[in-house]
Amino acid sequence: MTNIGFIGMGNMALAIAGGFIKSGKVKTENLFAYAPNQEKLRANAERLGFNAESSLAGMIKKCDTVILACKPYQIKDIFSDKAVLDAVKGKALISVAAGWVLSTFQEMFGEQVRVQCIMPNTPSLVGEGVMLFEKANTLTTEEESQARELFEALGIVEELPTNLMGIGGAISGCGPAFMDLIMEAYADSAVKYGIARQTAYRLVAQTMLGSAKLQQVTGDHPGVLKDAVCSPGGTTIRGVDALEKQGLRAACLSSIDAIMDFKRS
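The model shown is predicted, which means the values in this text are computed figures rather than measured ones.

Within the open sheet, the eight strands sit side by side as 3-2-1-4-5-6-7-8. Their pairing is mixed. Each edge of the open sheet carries a strand with a single partner, namely strand 3 (51-53) and strand 8 (155-160). Neighbouring strand axes in the sheet, compared pairwise and without regard to direction, differ in orientation by 25 degrees on average. Pairing of strand 1 (residues 4-7) with strand 4 (residues 65-68) involves four bridges; the strand directions are parallel. In the strand pairing of strand 4, I7 is matched with L68.

In structure tokens:
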């Protein structure tokens, strides 16, 4: 995987491209992108250093690997263009489009394009992302190994069977927004009681980061880690009690149910 081209350069693609560049795994001269909004594309290219392309088919021809990062509903229209379809034949295609799996692409391409579907998340930009790889793929053994190595530079790679990609994406793909809501809420509480806004964000973000890291390093059940902070009759257990009464766990479960219900509709 020498020359890599992005179809689409929205927030997720920017996070991936930025992560590739920061990790040093991909040189900017080997990174290409096409997006309909050429003005925005050129501005991002100038900021990150990748090559902005004005022709989609032309960009694909320059690349051995294509990362499909457009909106899912745009995919069929993109490949209805014969020049684009011809250009992608024989290439390795890595899709980050939600809801698309290997079988969906095979219906469209047959065996003419080698495909790996993944679901990344925005923390990829800072090397702390989650990359879900669909177990079923048609990459060569070498390409699969290179793809894993490339995306491991952005965080952790987890392989899931096709039937679990949806729930996996709901947790890791949508999850950052939920964590951001929690950070914002606790920062608001800190501001309410007199802490400056930026200081509040630093306190809350580091507390969340440290708690996650502690679980990763120790492997302890989250309940065990929670219990270690809750002294009998102390302040923390009173806060935990308040969260339970407000239905925090039920709200978290409901957020995922809402996503899965929408996917099934």
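Now for helix 2 (residues 38-48). For helix 2, the complete set of buried residues consists of Q38, L41, N44 and A45. The arc enclosing the buried residues of helix 2, seen along the axis, measures out at 125 degrees, which places them on a common side. Across from the buried face of helix 2, at angles greater than 90 degrees, the exposed residues are E39, E46 and R47. Lining the buried residues of helix 2 we find helix 1 (11-23), strand 2 (31-34) and strand 3. A positive backbone phi angle near 105 degrees is found at G49, which sits one or two residues after helix 2.

A side chain of one charge can pair with a side chain of the opposite charge when the charged atoms of the two come close. For the structure on display, the rule yields eleven salt bridges. One salt bridge connects R148 with E159, and the closest N-O pair in it is separated by 2.6 Å. In this pair, R148 sits in helix 7 (residues 141-152) while E159 sits in strand 8, placing the two residues eleven residues apart along the sequence. Taking relative accessible area as the criterion, E159 reaches 34% and is therefore assigned partly exposed. If you follow the salt bridges from partner to partner, you end up with K82, D86 and K89 in one network.

To continue, consider the pairing of strand 8. In this sheet, strand 8 lies alongside strand 7 (residues 129-134) in parallel orientation, the contact comprising six bridges. Considered in strand 8, the bridge of M131 is made with V157. In this view, the connection linking strand 7 to its parallel neighbour strand 8 by way of helix 7 has right-handed handedness.

Attention shifts here to the state of the cysteines. Each disulfide consists of a covalent bond between the sulfur atoms of two cysteine residues. The full count for this structure, using the stated rule, is zero disulfides. C63 takes part in no disulfide bond, and the closest cysteine sulfur to it belongs to C70, at a distance of 15 Å.

What counts as what
Residues numbered from 1 in each chain as written. Predicted model: local features only at pLDDT ≥ 70, side-chain atom pairs only at ≥ 80, totals over all residues. Heavy atoms only, no water. Pairing = 2+ DSSP bridges. Helix = DSSP H or I, 4+ residues; strand = E, 2+ residues; numbered from the N terminus. Axes fitted to C-alpha atoms, helices over the stretch in contact; angles between N-to-C directions. Buried < 20%, exposed > 50% of the residue type's maximum accessible area, 1.4 Å probe, protein only. Arc of directions from axis to C-beta. Contact = heavy atoms within 4.5 Å. Salt bridge = Lys/Arg side-chain N within 4 Å of Asp/Glu carboxyl O. Right-handed = clockwise from strand over helix to strand, strands pointing away. Disulfide = S-S within 2.5 Å.

Read these as layout, nothing more, since geometry by itself doesn't imply function.
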